[in-house]
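Notes for the structure review
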Amino acid sequence: MDMKVQKNQPELWEFSGMPGEISEQTSEPIAGWKDLQYGMFIHWGLFSKFGGEVDGNPVEKGYSEQIQMWANLSETDYLQAAKVFYGDAFDPEAICTLAKNAGMSYIVITSKHHDGFCMFDTETTDYNIVKQTPFGKDSLKLLSEECKRQGLKFGVYFSLVDWHQGHIFDENNNNSIPIEMEPVIERQLHELMTNYGAIVEVWFDMGKPTLIQSEKFKKIVMDLQPNAAVNSRIWNNLGDFRTLGDNQIPKYTLDNPWQTPASIYHETWGYRNWQAREDMTGKVKNLIKGLTSVRARGGNYLLNIGPKGDGSIVLFEKVVLQEIGNWLKQHKQAVLDASPTRFGGQSWGEVTVYQNQLFLHLFDIPSIGKITLNGLISSVQDVCIDGTNNHLEWTHENGLLEVNCNRLTSDDMAPTVLRVSLAEELRIIPEQAVMWDGEKPLAVRSNCFDTGYGFSDEGCYTSLNQTVIRQTIYFISKVDREITFNLQGEIQDQKETFVITLNGEEQLFIGERLLQNEIGPFSIKANELNIFSVALAEPSYKEKDIHMALDVIEINSRS
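Attention here is on the structure that accompanies the text. (Residues numbered from 1 in each chain as written. Predicted model: local features only at pLDDT ≥ 70, side-chain atom pairs only at ≥ 80, totals over all residues. Heavy atoms only, no water.)

Some words on the overall build of the protein chain
- Summing up its helical and strand segments, the protein chain has 13 helices and 31 strands in all.
- Against the 2.2 N^0.38 benchmark of 24 Å for 559 residues, the protein chain shows a C-alpha radius of gyration of 26 Å, consistent with a compact globule.
- Overall size of the protein chain, expressed as C-alpha extent along the three principal axes, is 80 × 65 × 40 Å.
- Relative to its 559 residues, the protein chain shows a buried fraction of 56%. (Helix = DSSP H or I, 4+ residues; strand = E, 2+ residues; numbered from the N terminus. Rg over C-alpha atoms; globule rule 2.2 N^0.38 Å. Buried < 20%, exposed > 50% of the residue type's maximum accessible area, 1.4 Å probe, protein only.)

Next up, the structure:
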């Protein structure tokens with residue numbers, strides 16, 4: 001039986017299109033950080049000893065790692081847990097082995113959470129694991145050394161909120177940082193950046209520092225660990241990458257480096273004794289979907305475990321990570337080796353690419369018995385279930401790939417992955433692309449724009465907002481032409497400088513002239529995909545909103 005049909009002849013699909021792989025050119029340290037892709041987050045601290053309970057009663061409000069605040073415990077009462085904090089089951093070797101088996105490449109652990117209790121040996125305060133607990137050892141030192149032995153990268157979490165140093169309980173954790181608290185933060189950062197070998201990621205959290213404070217704290221990291229990447233919760237838009245909200249997966253591919261911090265249970269990050277741990281199969285499937293979606297959109301995924309007070313890993317969490325790792329071993333090229341594509345999310349799942357292999361991640365088997373992928377102009381050679389020789393029926397015509405899924409059965413443990421073998425590198429025609437006869441003016445309206453998104457903050461967690469940082473159109477002319485553009489819409493900052501780009505050629509415009517002047521001229525070739533973009537020329541930070549509401553981008557012929 002002939003299982004493949006290749007019809008790639010109609011006019012539109014003879015065009016060369018554009019690369020379908022998103023391969024961002026970045027410099028160190030962020031390039032090295034992006035290569036990490038998938039890591040283990042560990043929330044372990046004095047809070048773990050409580051297990052989400054006070055005097056045997058569950059504290060149901062808030063995350064359990066913040067139990068001191070939610071239960072309104074005095075520091076004296078909270079510190080009672082330190083007396084029985086033996087940590088006798090804390091096993092860095094087992095933790096690192098689990099991370100590697102799960103497919104992870106690095107570990108980030110809480111050095112100090114909002115309670116201010118330091119899980120490392122510090123000279124800034126006696127309020128730490130070495131001086132206050134019978135465990136009496138530097139947990140960060142033990143783990144960082146084991147990471148090095150097992151070939152994992154190491155990073156640290158550091159809270160800018162510190163109840164021990166004087167911050168009051170704030171349910172939003174938006175505490176400003178008094179000047180008198182700065183020396184302790186600076187000295188602790190200096191210790192963390194000098195005593196634990198190479199640091200790959202510094203994960204700041206919460207608080208509401210001023211711009212000057214954010215700059216000061218980041219400079220300490222950069223001076224002492226120039227290869228470390230700092231997350232955006234340093235605030236004031238100074239991060240090397242954007243940390244999204246807890247468990248947040250963006251709807252769109254973001255233009256700049258970003259990360260999703262994920263928890264096995266969305267209710268808590270720190271250990272909770274009474275946490276419902278059920279539906280192992282569903283949990284694994286949902287976490288794999290989260291990891292796949294983040295990777296398909298170009299982000300990094302940091303998945304948390306919350307060890308018990310004795311340092312042991314919760315069995316449910318251990319098995320979940322092992323199952324994810326087993327699945328990844330079968331589909332490593334499809335997820336960890338793969339790059340995001342310009343296809344974006346599909347109704348049936350996600351799309352990634354590795355070399356000349358396109359991977360279709362099916363989160364649900366469609367009831368219609370087939371899936372479609374539009375805009376693929378590279379020649380297809382074969383479609384099969386990834387990791388098998390089970391070939392599927394498919395057709396590829398007018399850039400539309402259709403795959404017959406009737407032979408697929410739902411896998412309750414994880415998404416089904418299809419491998420599409422291409423004859424050459426992935427090339428596509430974006431779904432927003434428009435054809436132009438090259439004669440009459442063509443008005444491209446906003447519903448055909450490809451929008452580049454990012455996120456910005458105003459100095460704290462609750463101020464995180466999505467931004468628009470680019471507007472792009474794709475068009476194909478039937479003839480060679482010299483052309484110009486006219487933009488219609490509104491610009492908020494008339495004095496801002498914008499860069500207009502057509503196929504790599506740039507022109508600069510002040511905002512007040514951008515909507516009044518003809519843009520160009522530019523020369524284009526027939527039957528080639530053209531890419532026209534508008535963005536800020538020199539944004540004060542890379543995710544700054546362009547504050548532009550374009551309605552129409554008009555293309556005009558000068559012939």
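That shown, we press on.
Observations concerning the sheet that holds strand β10 (residues 242–243)
- Strand order in this open sheet of eight strands is β9-β8-β7-β6-β3-β12-β11-β10, and the pairing throughout is parallel. Every other strand in the sheet has two partners, leaving β9 (229–230) and β10 as the edge strands with one partner each.
- In the sheet, strand β7 (residues 153–159) pairs with strand β8 (residues 201–205) via five bridges, with the strands oriented parallel. When the sheet's bridge partners are listed, Phe 158 is paired in β8 with Phe 204.
- The strands touched by helix α11 (residues 315–330) within the sheet are β3 (38–42) and β12 (300–305), with β12 carrying the most contacts at an inclination of about 150 degrees. (Pairing = 2+ DSSP bridges. Contact = heavy atoms within 4.5 Å. Axes fitted to C-alpha atoms, helices over the stretch in contact; angles between N-to-C directions.)

Here we look at the packing of helix α10 (residues 280–296) against α11
- Following both chains from N to C, one finds α10 and α11 inclined at 55 degrees, their axes separated by 10 Å at the closest point. With respect to α11, the axis of α10 lies oblique. Note on packing geometry: the crossing formed by α10 with α11 is right-handed. Contact with α10, carried on its side by Met 280, Lys 283, Val 284, Leu 287, Ile 288, Leu 291 and Thr 292, involves Phe 316, Val 319, Val 320, Glu 323, Ile 324, Trp 327 and Leu 328 of α11 and no other residues of that element.
- A per-class count over the contact of α10 with α11 returns eleven nonpolar, one polar and two charged. (Parallel < 35°, antiparallel > 145°, perpendicular 65-115°, else oblique. Left-handed = near helix turned anticlockwise from the far one by under 90°. Nonpolar A, V, L, I, M, F, W, Y, C, P; charged D, E, K, R; others polar.)

Focus: empty space enclosed by the protein
- Per the counting criterion, the structure on display carries two cavities of 30 Å³ or more.
- Space inside the largest cavity adds up to approximately 50 Å³.
- Surrounding the largest cavity, 13 residues form its lining, Tyr 265, Trp 269, Asn 304, Gly 306 and Glu 317 being those nearest its centre.
- When the residues that make up the lining of the largest cavity are grouped by side-chain class, the tally is five nonpolar, five polar and three charged.
- Around the second largest cavity, the lining residues are Trp 44, Gly 45, Leu 46, Phe 47, Thr 110, Lys 112, His 113, Asp 115, Phe 117 and Met 119.
- Contributing elements (two or more residues each) for the lining of the second largest cavity: α2 (46–50) and β6 (106–112).
- In the lining of the second largest cavity, the residues fall into five nonpolar, three polar and two charged. (1 Å grid on protein atoms, 1.4 Å probe; cavity = no way out; pocket = protein on both sides within 12 Å on 5 of 7 lines; lining within 4 Å. Points joined across faces, edges and corners; volume = space filled by probe spheres on them.)

Quick look at the layout of surface pockets
- Its boundaries defined by the atoms lining it, the second largest pocket holds a volume of some 380 Å³.
- Forming the walls of the second largest pocket are 22 residues, and the residues nearest its centre are Lys 153, Phe 154, Ala 198, Ile 199 and Val 200.
- Mapped by element, the contributors of at least two residues to the lining of the second largest pocket are α1 (30–34), α7 (139–150) and β7.
- Top contributing element to the lining of the second largest pocket by residue count: α7, with five residues.
- Of the residues that constitute the lining of the second largest pocket, the class distribution is eleven nonpolar, six polar and five charged.

A look at the packing of helix α8 (residues 182–194) against helix α9 (residues 211–224)
- For the pair α8 and α9, interaxial distance at closest approach is 9 Å and the crossing angle is 20 degrees. Relative to α9, the element α8 lies roughly parallel. The two elements α8 and α9 meet at a crossing, and its hand is right-handed. Contacts between α8 and α9 involve Glu 182, Ile 185, Glu 186, Leu 189, His 190, Met 193 and Thr 194 from the first element and Gln 213, Lys 216, Phe 217, Ile 220, Val 221 and Leu 224 from the second.

Quick look at the nonpolar core
- Core analysis: the biggest nonpolar cluster contains 86 residues, and Tyr 38, Met 40, Ile 107, Phe 204, Leu 303 and Leu 321 have the highest contact counts within it.
- At six residues, α11 tops the list of elements feeding residues into this core.
- Beyond its immediate stretch of four places on either side in the chain, Met 40 contacts Ile 95, Leu 98, Ala 99, Met 104, Tyr 106, Ile 107, Val 108, Leu 302, Leu 303, Ile 305 and Leu 321. (Core = buried A, V, L, I, M, F, W, Y, C linked by side-chain atoms within 4.5 Å.)

Observations concerning the pattern of salt bridges
- In total, this model carries 23 salt bridges according to the counting rule given.
- Note that Glu 186 is salt-bridged to Lys 216, the shortest N-O span being 3.7 Å. Placement of Glu 186 in helix α8 and of Lys 216 in helix α9 is noted, with a sequence separation of 30 residues between them.
- With its nearest N and O atoms 2.4 Å apart, the salt bridge here joins Glu 439 to Arg 481. In this pair, Glu 439 is assigned in the loop between β22 (434–436) and β23 (442–445) and Arg 481 in strand β26 (residues 481–491), connecting sequence segments 42 residues apart.
- Salt bridges here are not isolated pairs; linked through shared partners, they connect Glu 182, Glu 186 and Lys 216. (Salt bridge = Lys/Arg side-chain N within 4 Å of Asp/Glu carboxyl O.)

Some words on the sheet that holds strand β17 (residues 380–385)
- Taken in spatial order, the five strands make up an open sheet running β13-β14-β15-β20-β17, and their pairing is antiparallel. Of all strands in the sheet, those with a lone pairing partner are β13 (339–340) and β17, marking the two edges.
- Relative to strand β14 (residues 349–354), α10 is tilted by about 55 degrees, and along the sheet it contacts β13, β14 and β15 (357–362).

Overview of the pairing of strand β11 (residues 258–263)
- In terms of burial, β11 is a largely internal element, six of the six residues being buried.
- Because side chains alternate across β11, one face comprises the buried residues Trp 258, Thr 260 and Ala 262, and the other comprises Gln 259, Pro 261 and Ser 263, equally buried.
- As paired strands, β10 and β11 are joined by two bridges and run parallel to one another. Each bridged residue has a counterpart across the sheet, and for Thr 243 the counterpart in β11 is Gln 259.
- Summarising the sheet, β11 and β12 pair through five bridges and their orientation is parallel. Each bridged residue has a counterpart across the sheet, and for Pro 261 the counterpart in β12 is Leu 302.

Quick notes on the packing of aromatic side chains
- According to the stated counting rule, one finds 20 aromatic pairs in the structure shown.
- For the pair Phe 41 and Trp 269, a centre-to-centre distance of 6.0 Å together with 75 degrees between the ring planes defines the contact as edge-to-face. Highlighted residues: Phe 41 in strand β3 and Trp 269 in the loop between β11 and α10, separated in sequence by 228 residues. Here Phe 41 matches Trp 269 in class, with each residue buried.
- Seen in terms of ring centroids, Phe 117 and Tyr 127 are 5.2 Å apart; in terms of plane orientation they differ by 80 degrees. Their pairing is edge-to-face. Linking Phe 117 in the loop between β6 and α6 (129–132) with Tyr 127 in the loop between β6 and α6, this pair joins segments that are ten residues apart in sequence.
- On the basis of relative accessible area, Tyr 127 is assigned to the buried category, the value being 3%.
- What links up through ring pairs into an aromatic cluster is the set Phe 41, Tyr 63, Tyr 157, Trp 203 and Trp 269.
- When the ring centre of Phe 135 is taken as reference, the NZ or CZ atom of Lys 137 above it lies at 4.3 Å.
- The ring of Tyr 196 has Lys 141 sitting right over it, with the charged end atom 5.2 Å from the ring centre. (Phe/Tyr/Trp six-rings, centres within 6.5 Å; stacked < 30°, edge-to-face > 60°. Lys NZ or Arg CZ within 6 Å of the ring centre and 35° of its normal.)

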